[in-house]
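Summary of the model geometry
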Number of protein chains: 4
Amino acid sequence: MPAPFVHQLRVRYGECDPQGIVFNANYLAYFDVAFTELWRAGVGPWQEMLGHGVDAVVAEAGLEFRAPARFDDVLELSVRVTRLGQSSITTEIDILRDGELLIAGRLRHVCVAAPIAAGAKASAVPWPAAIRAGLEPYVVAGR
Amino acid sequence: MPAPFVHQLRVRYGECDPQGIVFNANYLAYFDVAFTELWRAGVGPWQEMLGHGVDAVVAEAGLEFRAPARFDDVLELSVRVTRLGQSSITTEIDILRDGELLIAGRLRHVCVAAPIAAGAKASAVPWPAAIRAGLEPYVVAGR
Amino acid sequence: MPAPFVHQLRVRYGECDPQGIVFNANYLAYFDVAFTELWRAGVGPWQEMLGHGVDAVVAEAGLEFRAPARFDDVLELSVRVTRLGQSSITTEIDILRDGELLIAGRLRHVCVAAPIAAGAKASAVPWPAAIRAGLEPYVVAGR
Amino acid sequence: MPAPFVHQLRVRYGECDPQGIVFNANYLAYFDVAFTELWRAGVGPWQEMLGHGVDAVVAEAGLEFRAPARFDDVLELSVRVTRLGQSSITTEIDILRDGELLIAGRLRHVCVAAPIAAGAKASAVPWPAAIRAGLEPYVVAGR
């Protein structure tokens, strides 16, 4: 069984709110960082994807907030691909601090033709083979 | 049947990403604005809640991204309370532009004793009667 | 003497930090909103500028933090053009709450040829006449 | 002569705007990260400062934008203390990419008694000796 991909980051002061905890929307921004780093490990730098004539857009996101992260915490973002479809990818992202699960998340991205014309609707296209091959090692069973 | 609560906002340039569309995490920040404004309409200013000895924290969030919002768009955030539990509240938030549904969201908040001690786990408490009474007019059937 | 241009906005919860005040970087984001709204009043929607073959980029910014803004404050952003150069514009932006000056800011934007090629350095060009004419009514003496 | 303190970070996608470059306000957020890391190196974790009965607030900031940073760039944030006053500290922060200066910044923080009562004005107090001693090694001549 493959190990999940893990990326670390430290909580910034400006990401925390008057409750003294990370403002909820910033976890979704953290997910994006984690997904970008998974992509780098499997496929390469995100922006090179445009060279394949495709881009990826988020279609769905879900977050469960179990316990808050705080300023200066070093967080582990653990990412698993739970489904690699023809033109979509579903990832589950856990945010942990010292092994404690703080946030459990899920993203579904869709592969679309790029560049997306302004005002146009992005249309789903299959993943190029090179991208699919790079992501497959990270596919595991979902929650 | 009660009309949903609607709040308008205009997309800021810095909220958009290199795809030219609102960065996904910012929709969750918009939801927070919409929830705060629903609260103001039904209960009063958010920060007065602390005077009741309670606070509300987000326990779950879900987002479906149907179509992107762009810089300078004027968006309508339509909020419905779909469940008002003993110590929780579930809201559904639609983000529309000219009547087109762009983002469909859902938040579940939990009422907790306040202030929350640093490092402590927030514990759920029932909504104070005054808060419950203010929110009830916005309860409608969910999706 | 022309009145300064004023734009109102309400502080969002997620824009405040654990000190309970607006995180300093967010004032710079507010300045951008204020500048965009001045532009709308004088010239038109910001994104139409690209139709003139030009764009504007920030070259300098300065901020003095006199007193903090807090969650839910309604702020007045007062903008004056203090210099309208051949290819630059300097604005002074005051952020006030109930007439009290909280933040005193200054921005200098430069007009550049658009679109800016990726990786290329933007080169300054003179303001198109229509843009200059729209901004001139807002020119006042600086601090 | 002491070497400047350097902290690295990678530009996140959500920090970039439709021009494809880092949105200007985010550089001020980067400065805050750099200042926090200088503090960690010299004094210790930022939040321990409250144990000394003091906090630090930003009084002034200035930024010159020479060239833009882009998504995925690895940036070097180089921080120098150019003045360590009785109750203030001035830092100059350069943001570089591959040795090229992109952004030149300056911050002035003031030491205030903590905690700051809500609604009260923070009053400047001298730096505690332990904090001063930790910062002194980073004092260099300014620009």
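Residues numbered from 1 in each chain as written. Chains lettered and ligands numbered in written order. Predicted model: local features only at pLDDT ≥ 70, side-chain atom pairs only at ≥ 80, totals over all residues.

1. Digging into the overall build of chain A
Here is the rule we go by: Helix and strand definitions follow DSSP, with helices as H or I runs of at least four residues and strands as E runs of at least two, each counted in order from the N terminus. A radius of gyration in this sense is built from C-alpha atoms; the matching globule rule multiplies 2.2 Å by the number of residues raised to 0.38. Here exposure depends only on C-beta density: within 10 Å of a residue's C-beta, 20 or more other C-beta atoms make it buried, 12 or fewer make it exposed, and intermediate numbers make it partly exposed, the C-beta atoms being placed from the backbone. Here, residues touch in the contact sense if the C-beta positions derived from the backbone fall within 7 Å of one another.
Helices and strands together make up the secondary structure of chain A, namely 2 helices and 5 strands. Mapped from its N terminus to its C terminus, chain A presents α and β elements in the order β-α-β-β-β-β-α. A compact globule built from 143 residues would reach a C-alpha radius of gyration of about 15 Å, and chain A, at 16 Å, matches this within 12%. Looking at chain A residue by residue over its 143 residues, the buried ones come to 38%. For chain A, the share of sequence-separated contacts (at least 6 apart) that also reach a separation of at least 24 residues comes to 70%.

2. Topic: the relation of the copies chain C and chain B
Going by this rule: When the copies are overlaid, the least-squares fit takes in C-alpha atoms only where the residue has pLDDT of at least 70 in both copies.
Once chain C has been moved 0.0 Å along the axis and rotated by 180°, it coincides with chain B to within an RMSD of 0.0 Å. Both copies of the chain, as the preceding transformation shows, are related through a two-fold rotation axis. Taking C-alpha positions as reference, the residue of chain C nearest the rotation axis is Leu-9 of chain C, located at 5.1 Å. When the interface residues of chain C are mapped onto chain B, 100% of them again fall at the interface, so both copies present the same face.

3. Considering the sheet that holds strand S1 (residues 5–10) of chain D
Condition: A pair of strands is treated as paired once DSSP finds two or more bridges between them. What counts as an axis is a line fitted to C-alpha atoms, over the stretch in contact for a helix, and the angles between N-to-C directions run from 0 to 180 degrees.
The 10 strands are arranged S1(C)-S3(C)-S4(C)-S5(C)-S2(C)-S2(D)-S5(D)-S4(D)-S3(D)-S1(D) in an open sheet whose pairing can be described as antiparallel. One side of each edge strand has no neighbouring strand; the edge strands of this open sheet are strand S1 (5–10) of chain C together with S1 of chain D. For this sheet the average axis-to-axis angle between neighbouring strands, irrespective of direction, equals 25°. By the bridge criterion, 11 bridges tie strand S2 (residues 54–65) of chain D to strand S5 (residues 100–113) of chain D in an arrangement that is antiparallel. Within S5 of chain D, the position partnered with Val-57 of chain D by the bridge is Val-110 of chain D. Each of S1, strand S2 (54–65), strand S3 (74–84), strand S4 (88–97) and strand S5 (100–113) of chain C together with S2 of chain D touches helix H1 (residues 24–42) of chain C; the most contacted strand, S1 of chain C, lies at about 135° to it. Across the sheet, helix H1 (residues 24–42) of chain D is in contact with S2 of chain C together with S1, S2, strand S3 (74–84), strand S4 (88–97) and S5 of chain D; its angle to S1 of chain D comes to roughly 135°.

4. Here's the deal with the pairing of S2 of chain D
With 5 bridges connecting them, S2 of chain C and S2 of chain D associate as antiparallel partners. Counted as the bridge partner of Leu-63 of chain C is Ala-61 of chain D from S2 of chain D.

5. Brief notes about the confidence of the model for chain A
All names here are of chain A. Selection rule: In predicted models, pLDDT denotes the confidence assigned by the predictor to each residue on a 0 to 100 scale.
With 95% of its residues at a pLDDT of 70 or more, chain A has an overall mean of 93. When the elements of chain A are averaged for pLDDT, helix H2 (residues 129–135) gives the smallest value, 95, and strand S4 (residues 88–97) the largest, 98. Overall fold confidence (pTM) sits at 0.95, and the ipTM for the predicted complex is 0.93.

6. Structural notes on the interface of chain A and chain B
Threshold: Each residue receives one of three labels: charged for Asp, Glu, Lys and Arg, nonpolar for Ala, Val, Leu, Ile, Met, Phe, Trp, Tyr, Cys and Pro, and polar for the others, Gly being one of them.
Tallying the contact residues gives 20 residues for chain A and 20 residues for chain B. When residues of the side of chain A that touches chain B are traced back to their parent elements, those giving at least two are helix H1 (24–42) and strand S2 (54–65) of chain A. When residues of the side of chain A that touches chain B are assigned to their parent elements, the largest contribution, 8 residues, is made by S2 of chain A. Of the residues contributing to the side of chain A that touches chain B, the split by class is 11 nonpolar, 5 polar and 4 charged.

7. Quick notes on the interface of chain C and chain B
Each side of the interface is counted separately: chain C has 12 residues, and chain B has 12 residues. When its residues are assigned to classes, the side of chain C that touches chain B shows 6 nonpolar, 3 polar and 3 charged.

8. Points about the environment of Arg-108 of chain C
Residue and element names in this part refer to chain C. As for its placement among the helices and strands, Arg-108 is situated in strand S5. In the structure, Arg-108 is positioned 18 residues away from Thr-90 in sequence and 4.3 Å away in space, judged by C-alpha atoms. Once you skip the residues sitting within four places of it in the chain, Arg-108 turns out to touch Ala-59, Glu-60, Ser-88 and Thr-90.

9. As for the relation of the copies chain A and chain B
Mapping between the two copies of the chain is achieved by a rotation about an axis and a shift along the axis. Turning chain A through 180° and shifting it by 0.0 Å along the axis lays it on chain B, with an RMSD of 0.0 Å. By residue overlap, the copies meet face to face through one surface: 100% of the interface positions of chain A are interface positions in chain B.

10. What about the sheet that holds strand S3 (residues 74–84) of chain B?
Strands sit in the order S1(A)-S3(A)-S4(A)-S5(A)-S2(A)-S2(B)-S5(B)-S4(B)-S3(B)-S1(B) across an open sheet of 10 strands; the sheet is antiparallel. Strand pairing shows two members of the sheet lacking a second neighbour, strand S1 (5–10) of chain A together with strand S1 (5–10) of chain B, which therefore form its edges. Averaged over neighbouring strand pairs, the angle between their axes works out to 25° when direction is ignored. Across 8 bridges, the pairing between strand S3 (residues 74–84) of chain A and S4 of chain A is antiparallel.

11. Side note on the pairing of S3 of chain B
All names here are of chain B. Direction of pairing for S1 relative to S3: antiparallel, over a ladder of 6 bridges. In the strand pairing of S3, Phe-5 is matched with Val-79. The loop that links S3 with its antiparallel partner strand S4 (residues 88–97) comprises 3 residues.

12. Some remarks on H1 of chain A
Given 3.6 residues per helical turn, the α-helix brings residues three or four places apart onto the same face. Here is the rule we go by: A helix is expected to span 1.5 Å multiplied by its residue count minus one.
Over its 19 residues, H1 of chain A extends 28 Å from the first C-alpha to the last, a length consistent with the 27 Å expected when each residue adds 1.5 Å. At the C-terminal side of H1 of chain A, Gly-44 of chain A shows a positive phi close to 130°.

13. Side note on the packing of H1 of chain A against helix H1 (residues 24–42) of chain B
The description of two helices packed together rests on the angle between their axes and the distance between the axes. To keep it simple, the criterion reads: Small angles under 35 degrees read as roughly parallel and large ones over 145 as roughly antiparallel, with 65 to 115 read as roughly perpendicular and the rest as oblique.
Interhelical geometry of H1 of chain A versus H1 of chain B gives an angle of 170° and a closest axis separation of 8 Å. With respect to H1 of chain B, the axis of H1 of chain A lies roughly antiparallel. Counted together, Asn-24, Ala-25, Asn-26, Leu-28, Ala-29 and Asp-32 of chain A of H1 of chain A and Asn-24, Ala-25, Asn-26, Leu-28, Ala-29 and Asp-32 of chain B of H1 of chain B form the full contact between these two elements. Considering only residue class, the contact of H1 of chain A with H1 of chain B consists of 6 nonpolar, 4 polar and 2 charged.

14. Considerations on unusual backbone geometry
Residue and element names in this part refer to chain A. Phi is positive for Asp-72, close to 80°, though the residue is something other than glycine. By the secondary structure assignment, Asp-72 is in the loop between S2 and S3. With 16 C-beta atoms packed within 10 Å, Asp-72 lands in the partly exposed category.

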